[in-house]
Amino acid sequence: MREDTTEKRAGQSAAESPSAGTDRQKGSDVLPDIKSMYLEELRSMVREKGLPAFRAKQIYEWIHVRQAASYEEMTNLPARLRAELSAEYPLVTAKLIDRQISAADGTQKYLFEMPDGCLVESVFMRYHFGNSVCISSQVGCRMGCSFCASTLHGLVRSLTASEMLEQIYAIIRQTGEAVSHVVVMGMGEPLDNYDNLLRFIRLLTGPEGLNLSQRSLTVSTCGIVPNIYRLAKEGLHITLALSLHAATDEQRRKIMPIANRYSIEELMKACGAYYRETGRQITFEYSLIRGVNDSSADAQGLTRLAKPLRAHINLIPVNPVRERGYEHPDNAHVQAFKKELENNDVNVSIRRALGKDIEGACGQLRNRYVR
Ligand code: SAH
């Protein structure tokens, strides 16, 4: 399977968001994307078609509450309407290409194909608090972080709201299990796809749809500062996770190109604004890379950043990516790094390493198919 990639890097135009809207981005035959429509928009569509108003809610529920994969399933709609809708508003569905189940912990890694042939990775994990799905927000990524497999082939395109939802819906259909938590931590930079992300969040957490609690949704960003401020003002109660990975600008620039654009000071101000506006505790993600960012001085620097924000630190022993040659510190060292933060009264956890045996790191499964 081939995809054309367009190499763009964070230094160029990271803050731009691709166009939003509800049209499927599929070459020239742009068809309305019903799965990305808000209930209000569906109501207008139904009105314009001269259909009874209650049809809007029926269709919306089939799509978002029952995760229907085709109009055929919508048995309380007249057959003629089903045929008409399927011609005019084809449902975006994620086609299952590959699924790997970890023998170690049951984590399931999915590779889906979107309607235009793009490949997307998602992960299903079981925790004591419920089932969690990790979704991708873009096909590939243009942020260029040196430890990340998603960015190796650049950005292909951003995902629409429906394509983000569909990763969750397809997993619900596959597993037959409920999903209580969602993290946007798969491939791509969600704040580089702002409008589609917001639409996705509103659809996913809206009371008329799957109605996922906003508190159970985490969006992870490499730190696109203007969009952190924007997100702070949206009136949402989602958790923001910042991929920090270094405590100084100098060090951060070596592993994350976005650090050439925004300083840690600017980032901390933006996180402060987010915390104040939303009252939500921020998470700092910190991938521990042996010999790069795992010293005692790093732990002290991290403490100075986390404390004023009362941020929670999530340590992630780096998932080795063959192409990059990074290794994680040994377990004793990871524990010592954690202990040092704890001694400084910083709230810290080590991310449970799930799915190690199934290429759990973002972008790795897809990279086996895209060459
Ligand atoms: N673009 C977003 C979300 C995607 S990555 C972001 O940067 O936050 C989700 C998290 O996994 C990020 O913290 C990312 O830096 C981290 N990550 C990526 N590759 C990794 C690897 N090989 N090992 C450990 N963490 C990794």
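Quick caveat: nothing in here was measured; it's all calculated off a predicted structure.

1. Considerations on the overall build of the protein chain
(1) Moving on: Across its full length, the protein chain carries twelve helices and twelve strands.
(2) Moving on: Nonlocal contacts in the protein chain, meaning residues at least 24 apart in sequence, comprise 69% of its contacts between residues at least 6 apart.
(3) Moving on: Surface summary for the protein chain: the accessible area is close to 15400 Å², and the carbon and sulfur share equals 48%.

2. Concerning the pattern of salt bridges
(1) Moving on: According to the stated counting rule, one finds 21 salt bridges in the structure shown.
(2) Moving on: Taking the shortest distance from any N to any O, the salt bridge between Arg173 and Glu166 comes out at 2.3 Å.
(3) Moving on: Residue class for Glu166 comes out buried when judged on its relative accessible area of 0%.
(4) Moving on: What emerges from the salt-bridge pattern is a single network uniting Lys35, Glu166 and Arg173.

3. Brief notes about the site of the ligand
(1) Moving on: Gly188, Ser220, Ser243, His245 and Asn319 are the nearest of the 19 residues found near the ligand.
(2) Moving on: The backbone of Cys222 places a nitrogen or oxygen atom 3.4 Å from an oxygen atom of the ligand.
(3) Moving on: Alone, the ligand offers 530 Å² of accessible surface; in the complex the protein occludes 94% of this.
(4) Moving on: Looking at the shell around the ligand residue by residue, the classes come out as nine nonpolar, eight polar and two charged.

4. Digging into the nonpolar core
Within soluble globular proteins, side chains that are nonpolar generally end up buried alongside one another.
(1) Moving on: One finds Ile34, Ile168, Phe200, Phe284 and Ile313 to be the most contacted residues of the largest nonpolar core, which totals 99 residues.
(2) Moving on: Taken domain by domain, the makeup of this core includes at least three residues from each of domain 1 (34–88) and domain 2 (95–367).
(3) Moving on: Those residues in contact with Ile34, other than ones at most four positions away along the chain, are Leu42, Met45, Ile59, Ile63, Tyr71, Tyr89 and Leu91.

5. Considering the confidence of the model for the protein chain
(1) Moving on: For the protein chain, per-residue confidence averages 90 on the pLDDT scale, and residues scoring 70 or more make up 87% of the total.
(2) Moving on: Predicted confidence for residues 1–28 stays below pLDDT 50, and this span has 91 contacts to residues more than four positions away or in other chains.

6. Considering the sheet that holds strand 8 (residues 217–221)
Strands belonging to one sheet form pairs held by backbone hydrogen bonds; the direction of such a pair is parallel or antiparallel.
(1) Moving on: The ten strands lie next to each other as 1-2-3-4-7-8-9-10-11-12, forming an open sheet whose pairing is mixed. The open sheet has two edge strands with one neighbour each: strand 1 (95–101) and strand 12 (347–350). With strand direction ignored, the average angle separating the axes of adjacent strands in the sheet is 20°.
(2) Moving on: Inspection of the sheet shows strand 11 (residues 312–317) paired to strand 12 by four bridges, in the parallel sense. Looking at strand 12, one finds that Asn314 is bridged to Ser349.
(3) Moving on: Relative to strand 12, helix 11 (residues 331–343) is tilted by about 165°, and along the sheet it contacts strand 10 (283–288), strand 11 and strand 12.

7. Observations concerning the environment of Leu288
(1) Moving on: Within the secondary structure, Leu288 sits in strand 10.
(2) Moving on: Taking the C-alpha atoms as reference, Leu288 lies 8.6 Å from Glu327; in sequence the two are 39 residues apart.
(3) Moving on: Apart from the residues lying within four places of it in its own chain, the contact partners of Leu288 are Asn293, Asp294, Leu315, Ile316, Pro317, Val318, Glu327, His328, Pro329, Val334 and Phe337.

8. Some remarks on unusual backbone geometry
(1) Moving on: In this structure, His245 takes a positive phi of about 65° despite not being glycine.
(2) Moving on: Structurally, His245 is set in the loop between strand 9 (239–243) and helix 8 (249–255).
(3) Moving on: Notably, Arg310 is not glycine yet its phi reads approximately 50°, a positive angle.
(4) Moving on: We classify Arg310 as exposed; its relative accessible area is 59%.

9. A closer look at the packing of aromatic side chains
(1) Moving on: Per the counting criterion, the structure on display carries three aromatic pairs.
(2) Moving on: Aromatic pair Tyr127 and Phe129: ring centres 4.8 Å apart, planes at 10°, arrangement stacked.
(3) Moving on: The partly exposed category is assigned to Tyr127, whose relative accessible area is 24%.
(4) Moving on: When its relative accessible area of 42% is taken as the criterion, Phe129 is described as partly exposed.
(5) Moving on: Above the ring of Trp62, the side-chain terminus of Arg66 is found at 4.1 Å from the ring centroid.

10. What to know about the pairing of strand 2 (residues 108–113)
(1) Moving on: Taking burial as the measure, the six residues of strand 2 include six buried ones, the bulk of the element.
(2) Moving on: The alternating pattern of strand 2 places Gln108, Tyr110 and Phe112 on one face and Lys109, Leu111 and Glu113 on the opposite face, and all of these are buried.
(3) Moving on: In this antiparallel pair of consecutive strands, strand 1 and strand 2, the connection spans six residues, and Gly106 shows a positive phi of 80°.
(4) Moving on: Bridge count for strand 2 against strand 3 (residues 119–127) is six bridges, and the pairing is antiparallel. Across the sheet, residue Lys109 finds its bridge partner in strand 3, namely Val123.

11. Focus on the environment of His181
(1) Moving on: Within the secondary structure, His181 sits in strand 7 (residues 181–184).
(2) Moving on: Once the C-alpha coordinates of His181 and Leu212 are considered, the two residues, 31 residues apart in sequence, prove to be 7.5 Å apart.
(3) Moving on: In this structure the side chain of His181 is engaged in a polar contact, spanning 2.9 Å, whose partner is the side chain of Ser180.

12. A word on the environment of Gly325
(1) Moving on: Position of Gly325 among the secondary structure elements: in the loop between strand 11 and helix 11.
(2) Moving on: Put simply, Gly325 and Ser146 are 179 residues apart on the chain and 9.8 Å apart in space, counted from C-alpha to C-alpha.

Conventions adopted
- Residues numbered from 1 in each chain as written.
- Predicted model: local features only at pLDDT ≥ 70, side-chain atom pairs only at ≥ 80, totals over all residues.
- Heavy atoms only, no water.
- Helix = DSSP H or I, 4+ residues; strand = E, 2+ residues; numbered from the N terminus.
- Contact = heavy atoms within 4.5 Å.
- Areas by Shrake-Rupley, 256 points an atom, 1.4 Å probe, with all protein chains shown as cover.
- Salt bridge = Lys/Arg side-chain N within 4 Å of Asp/Glu carboxyl O.
- Buried < 20%, exposed > 50% of the residue type's maximum accessible area, 1.4 Å probe, protein only.
- Near = heavy atom within 4 Å.
- Polar contact = N/O pair within 3.5 Å; in protein donor to acceptor, adjacent residues only side chain to side chain.
- Nonpolar A, V, L, I, M, F, W, Y, C, P; charged D, E, K, R; others polar.
- Core = buried A, V, L, I, M, F, W, Y, C linked by side-chain atoms within 4.5 Å.
- Domains from an automatic or database assignment.
- pLDDT = per-residue confidence, 0-100.
- Pairing = 2+ DSSP bridges.
- Axes fitted to C-alpha atoms, helices over the stretch in contact; angles between N-to-C directions.
- Phe/Tyr/Trp six-rings, centres within 6.5 Å; stacked < 30°, edge-to-face > 60°.
- Lys NZ or Arg CZ within 6 Å of the ring centre and 35° of its normal.

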